[in-house]
Structures are given as C-alpha cells and as structure tokens.
Amino acid sequence: MKFLIIWNAFFKVKNEEKAVRLINQIENRTGHSIVSKQFVRSMREPSLLGATFVSKLKDDMTMEAAVFETLQIINLLGTAWTVYSPSITNDPENPFEILLSFEGFQNKPTFTGLAWVQFQLETDTKHEYGWEYTSAYGTNFVNQL
C-alpha cells in the first residue's frame, strides 16, 4: 500500500520564502520529500503563516509499518503529541479497497519556527488518481506541486 502524510502547520515567519526554508528543513530532518505545498496567512494571528504540505512514505508498506514510521517522523518535530487511534475502513466507492486514517497534533513543537502542527496519515490510493484534498486553506490536488 502507498501512504502519505498531510501536514497542517503554522510557522512563525514573515514570508513564504522563510516558510519554504523551514519546510525544506523538515523534509531534510524527516527524510521524506514534500510533494505539495500551500500557504495562507492566519486571520487570527497575522504573525503566523499557515501551511499545508504533503510527504509521501515508501511504496508497498503495511499499515502497521506506516503508522510506526509516522510516529518516528513526528517525534523528530516534537514530543508529547496528541494522537488519535488509526481508523481503518473500506472505501464506499470501491469496497475491496482499504483506507487508513491516523492523525494527531502538537501545539508546542521543539522544531524552531514551528508554532503548531497537525498530521494525517492516509492511504495514497485516492490521491494517486488526482482526487482532491480539501483543507482549511482551500482545495488542491495532492499529487501535484
């Protein structure tokens, strides 16, 4: 199975260029390339820049291995995460296809410049076909930069 991690984060930066540098640092630290990025300034707190970005895990992983690897990755950005148990369901449109959703958040990350971060680990199956991913920052296609 293929998996991806969808990140929603708030950075303490003045512009997108600095946020891109931080995302590149996250990419280097985690060892997983970023395949999509999107930015928006926070309405509530203008000093924070919101970002949605996507990391892909290795192909052909088991669900257990994907969850374990995700836990290792998020620990690189901070400790004391709040995580929700994985949810495993069948795709209603394709009952033979199994979907995984696992998520959590951190409001005091140890990664410099990162104010808040939330992750979602999901199967990549729907996204491979160009299906949309909708976040608070709008709709984008996950498999495109």
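Note that the structure is predicted; figures quoted are calculated from it, not measured.

The rules behind these values
Along each chain, residue indices are assigned from 1 in the same order as the chain's sequence is written. In view of the model being predicted, local features appear only for residues whose pLDDT reaches at least 70, and side-chain atom pairs are presented and counted only at 80 or more, with totals across whole chains, interfaces and linings using the full set of residues. The side-chain quantities take in all heavy atoms of the structure and omit both hydrogens and water. The helix and strand labels rest on DSSP assignments: H or I over at least four residues marks a helix, E over at least two residues marks a strand, and numbering proceeds from the N terminus. A simple rule labels every residue: compare its accessible area, found with a 1.4 Å probe on the protein chains alone, to the largest value its type can have, and call it buried under 20%, exposed over 50%, or partly exposed in between. Any pair of residues with heavy atoms lying within 4.5 Å of one another is described as a contacting pair. Values of accessible area rely on a 1.4 Å probe in the Shrake-Rupley scheme; residue burial ignores everything except the protein chains shown. Identification of polar contacts relies on pairs of N or O atoms within 3.5 Å, with a donor-acceptor requirement for protein atoms, meaning one able to donate a hydrogen and the other able to accept it, and with residues adjacent in sequence counted only if both atoms are side-chain atoms. To form a nonpolar core, buried Ala, Val, Leu, Ile, Met, Phe, Trp, Tyr and Cys residues must be joined to one another through side-chain atoms within 4.5 Å. By definition here, a helix of n residues has an expected span of 1.5 Å times n minus one. The arc refers to the directions leading from the helix axis to the C-beta atoms.

Caption draft 1: Representation of the overall build of the protein within the structure. Helix and strand counts for the protein stand at 3 helices and 8 strands. Going residue by residue from the N terminus, the α and β elements of the protein occur as β-α-β-β-α-β-β-β-α-β-β. Out of the 145 residues in the protein, the part that is buried amounts to 47%. Put simply, of all contacts in the protein between residues at least 6 apart along the chain, 60% involve residues at least 24 apart. Summed over its atoms, the accessible surface of the protein is roughly 8,000 Å², and 52% of this surface lies on carbon and sulfur atoms.

Caption draft 2: How the structure looks around the side chain of glutamine 120. You can see glutamine 120 is positioned in strand β6 (residues 114-123). For glutamine 120, the side chain forms a polar contact with the side chain of glutamate 122, separated by 3.5 Å.

Caption draft 3: Examining unusual backbone geometry more closely. The phi dihedral of aspartate 60 is positive, around 60°, even though this residue is not glycine. Summarising the element assignment, aspartate 60 is placed in the loop between β3 (49-56) and α2 (63-75). Phi is positive for alanine 80, close to 60°, though the residue is something other than glycine. The topology assignment puts alanine 80 in the loop between α2 and β4 (82-91). A relative accessible area of 70% means that alanine 80 is categorised as exposed.

Caption draft 4: Representation of the nonpolar core in the model. Core analysis: the biggest nonpolar cluster contains 31 residues, and Phe3, Trp7, Phe11, Phe53, Leu57 and Leu121 have the highest contact counts within it. Within the residue set of this core, elements represented by two or more residues are β1 (3-11), α1 (16-30), β2 (34-41), β3, α2, β5 (94-106) and β6. For tryptophan 7, the residues in contact, after removing those within four places along its chain, are Ala51, Thr52, Phe53, Ser55, Ile73, Ile74, Leu77, Val117, Gln118 and Phe119.

Caption draft 5: Structural view of α2. Here α2 spans 18 Å end to end across 13 residues, near enough to the 18 Å set by a 1.5 Å rise per residue. Looking at α2, one finds that the buried residues are Met63, Ala66, Val67, Glu69, Thr70, Ile73 and Ile74. For α2, the angular spread of buried residues about the axis comes to 165°, placing them on one side. Turned more than 90 degrees off the buried face of α2, the exposed positions are Glu64 and Phe68.

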